Amino acid sequence: MSVNIHLQLERLIQFAIESRLISQWDKDYCKNLVLDILSLNEAVSMEVESQRLESPVDILEEILDWAADNGRIQENTITYRDLLDTKIMNCFVPRPSEVIRVFSEKFEQDPKKATEYFYQLSKQSHYIRTDRIAKNEHWYSPTEYGDIEITINLSKPEKDPKAIAAAKHLKASSYPKCLLCKENVGFSGSLNHPARQNLRIIPVTLANEQWYLQYSPYVYYHEHSILFSENHVPMKIGKMTFLRLLEFVEQYPHYFLGSNADLPIVGGSILSHDHFQGGYHDFPMAKAEIEETFTFSKYPNVTAGIVNWPMSVLRLQSEDRHSLVDIADEILDAWKRYSDVEVDVIAYSGDTPHNTITPIARRRGELFELDLVLRNNRTNEEHPLGIFHPHSEVHHIKKENIGLIEVMGLAVLPGRLKGELHLLANALVKQDYITEINETEAITKHLQWALLLKAKYQDLNDGNVTEILKSEVGAIFSTILEHAGVFKRDENGKRAFVRFIKEGLNL
């Protein structure tokens, strides 16, 4: 059935009006912008009833299908479709200065209202790809550390082979320098750089420096935001990091803000541009209790404690954020130089540093709270990907780095697992499950896990196998976080953690 492009255009304009992206006075202007993009020389007015849609996705899909059928896009692939729908939606998004003006007015009333407005705008403008995010699978798994969040990431589109091939012939460009540079705002994109015409960013001043707030286009949790530096400078954890984190949560007390570590293996995917991640979400680690407390004579207004968590977390609390900045800086400096051969913690290999920290800041009523997660990126022959990294026995579930989001208890697992868990569930309820697994290439990697599951659960059946697998995935992720912890959760590891605090810190 052919698409009535004029009907879809009227529907899109109606959506923009009902979503308050535009007013009725913008209608003709926006219509003409889209007509030009679609190379249409005339408009056909059509009556459209109120739709009350939360997203323009369905309308855009119809328009993109029409564009593909009528030669308006080069190839009918995700890459080319994304370039066009972003260009179309930019016609309805207010200019950056207007978004900043409205945000600032709401911020003066209540920071929560400001971020809620900005988040809704980012979804309605189709910058946040809600249709793809909805494909993600998400559940909670009970563990000894509390309920851990699990998500199977199905939202990011696969690389388009045709676009990859065509991109090889493009002239190399260094503009924008990376996906986190402010110059992405309004950028039309290319086959190897996503379009960002519908991106808007909010200026934030931290420590007298210019930073910018935006949302991730593929959010993993509510108001999943990115705060990035005005300058394209590499990530570096230091005293200024703690100052920025705590100053931010003072301005936005309903948000947490954290930073990936600044070394390979234990760091984030983009180390070349200094940035943080934050949002309006209570992660499992934030709910974890302190199991042993400490005081420091040098900082009597700071309380500290080891958190009951699979990774090595030192939690600091104080009503005085400046004291937290100072003590965190001293702890970082001590940790960067600290070695304990008994538990495989070695600070340097020659001049190469191995120790760093993943810091997370939040408010707890009147208190400022700073979690310092101790990290080490050393490798050895037994663990070539990292000693404090997912070990080989769990690679069938995840072998990628453990970044900030996962440190806090939200597993971001590869999309392949959705199909693999389904196949494994079907195999496990069969009498000859070993043969079934060995003959199914996608799940042969899970055989040892399957043997353990069959031994643990005597009555695996169609009614319970899926939920059991989900629960066991959570248990494995808990183990993965233990692998990433520098001080293990056994008695020897706990003693080593206390030893670092009592002997490694001169506080």
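Predicted model, so just to flag it, every value in this text is computed and none were measured.

**What to know about the overall build of the protein**
Then step 1. The secondary structure content of the protein amounts to 17 helices and 15 strands.
Then step 2. Radius of gyration (C-alpha) of the protein: 25 Å, near the 23 Å computed for a compact globule of 507 residues.
Then step 3. Here the C-alpha coordinates of the protein stretch approximately 75 × 65 × 45 Å along the principal axes.
Then step 4. Counting the 507 residues in the protein, one finds 54% classified as buried.
Then step 5. In the protein, of all internal contacts separated by at least 6 residues, the share reaching a separation of at least 24 is 65%.
Then step 6. Taken as a whole, the protein presents about 23,600 Å² of accessible surface, with 47% of it coming from carbon and sulfur.
Then step 7. With 55 positive and 72 negative side-chain charges, the protein shows a spacing of 3 Å between the two charge centroids.

**Describing the layout of surface pockets**
Then step 1. For the second largest pocket, the calculated volume is near 710 Å³.
Then step 2. Taken together, 28 residues make up the lining of the second largest pocket; nearest its centre are Leu 21, Phe 92, Val 93, Pro 94 and Arg 95.
Then step 3. Those elements giving two or more residues to the lining of the second largest pocket turn out to be helix H2 (27–37), helix H5 (96–109) and helix H6 (111–124).

**Some details on the side chain of Thr 151**
Then step 1. Take Thr 151: it is sitting in strand S2 (residues 146–152).
Then step 2. Within the structure, Thr 151 has its side chain in polar contact with the backbone oxygen of Glu 137 (distance 3.0 Å).

**A few points about helix H13 (residues 416–428)**
Then step 1. Compared with the 18 Å implied by 1.5 Å per residue over 13 residues, the 18 Å span of H13 between its first and last C-alpha is a close match.
Then step 2. Where H13 is concerned, the buried positions are Leu 417, Glu 420, Leu 421, Leu 424, Ala 425, Ala 427 and Leu 428. Along the axis of H13, the buried residues cluster in a sector spanning 160°; they form a single face.
Then step 3. As for H13, its buried residues are in contact with strand S1 (137–143), S2, strand S15 (410–413), helix H14 (433–438), helix H15 (447–456) and helix H16 (465–484).

**Observations concerning the sheet that holds strand S3 (residues 202–206)**
Then step 1. With antiparallel pairing, 10 strands are arranged side by side in an open sheet as S3-S4-S5-S7-S6-S13-S14-S10-S9-S8. The strands lining the two open edges of the sheet, one partner per strand, are S3 and strand S8 (290–296). Direction aside, neighbouring strands of the sheet carry axes that sit 25° apart on average.
Then step 2. Sheet topology places strand S9 (residues 299–307) next to strand S10 (residues 313–318); 4 bridges connect them, and they run antiparallel. In the sheet register, Thr 303 faces S10, and the bridge partner there is Gln 317.

**Quick word on the packing of helix H9 (residues 239–251) against helix H11 (residues 321–336)**
Then step 1. Their axes nearest at 9 Å, the elements H9 and H11 cross at an angle of 150°. Taken as axis vectors, H9 and H11 run roughly antiparallel relative to one another. In terms of crossing hand, the pair formed by H9 and H11 is right-handed. Across from Lys 239, Phe 242, Leu 243, Leu 246, Glu 247 and Glu 250 in H9, the residues of H11 making contact are Arg 321, Leu 324, Val 325, Asp 326, Ala 328, Asp 329 and Leu 332.
Then step 2. Tallied by class, residues from the contact of H9 with H11 come to 7 nonpolar, no polar and 6 charged.

**Some details on H5**
Then step 1. Here H5 spans 20 Å end to end across 14 residues, near enough to the 20 Å set by a 1.5 Å rise per residue.
Then step 2. Residues Val 99, Val 102 and Phe 103 constitute the buried set of H5. The buried residues of H5 all sit within an arc of 100° when viewed along its axis, so they share a single face. Relative to its buried face, H5 has exposed residues pointing more than 90 degrees away, namely Ser 97 and Glu 108.
Then step 3. Contact partners of the buried residues in H5: H6 and S3.

**Here we look at the environment of Thr 151**
Then step 1. Exposure remark for Thr 151: the relative accessible area of 3% places this residue in the buried category.
Then step 2. For the pair Thr 151 and Tyr 140, spaced 11 residues apart in the sequence, the C-alpha separation amounts to 8.8 Å.
Then step 3. Sequence-distant contacts of Thr 151, defined by excluding residues within four places in its chain, comprise Asn 136, Glu 137, His 138, Leu 410, Ala 411, Val 412 and Leu 413.

Analysis parameters
Residues numbered from 1 in each chain as written. Predicted model: local features only at pLDDT ≥ 70, side-chain atom pairs only at ≥ 80, totals over all residues. Heavy atoms only, no water. Helix = DSSP H or I, 4+ residues; strand = E, 2+ residues; numbered from the N terminus. Rg over C-alpha atoms; globule rule 2.2 N^0.38 Å. Buried < 20%, exposed > 50% of the residue type's maximum accessible area, 1.4 Å probe, protein only. Contact = heavy atoms within 4.5 Å. Areas by Shrake-Rupley, 256 points an atom, 1.4 Å probe, with all protein chains shown as cover. Lys, Arg positive; Asp, Glu negative; His and termini not counted. Charge placed at Lys NZ, Arg CZ, Asp CG, Glu CD. 1 Å grid on protein atoms, 1.4 Å probe; cavity = no way out; pocket = protein on both sides within 12 Å on 5 of 7 lines; lining within 4 Å. Points joined across faces, edges and corners; volume = space filled by probe spheres on them. Polar contact = N/O pair within 3.5 Å; in protein donor to acceptor, adjacent residues only side chain to side chain. Expected span 1.5 Å × (residues − 1). Arc of directions from axis to C-beta. Pairing = 2+ DSSP bridges. Axes fitted to C-alpha atoms, helices over the stretch in contact; angles between N-to-C directions. Parallel < 35°, antiparallel > 145°, perpendicular 65-115°, else oblique. Left-handed = near helix turned anticlockwise from the far one by under 90°. Nonpolar A, V, L, I, M, F, W, Y, C, P; charged D, E, K, R; others polar.

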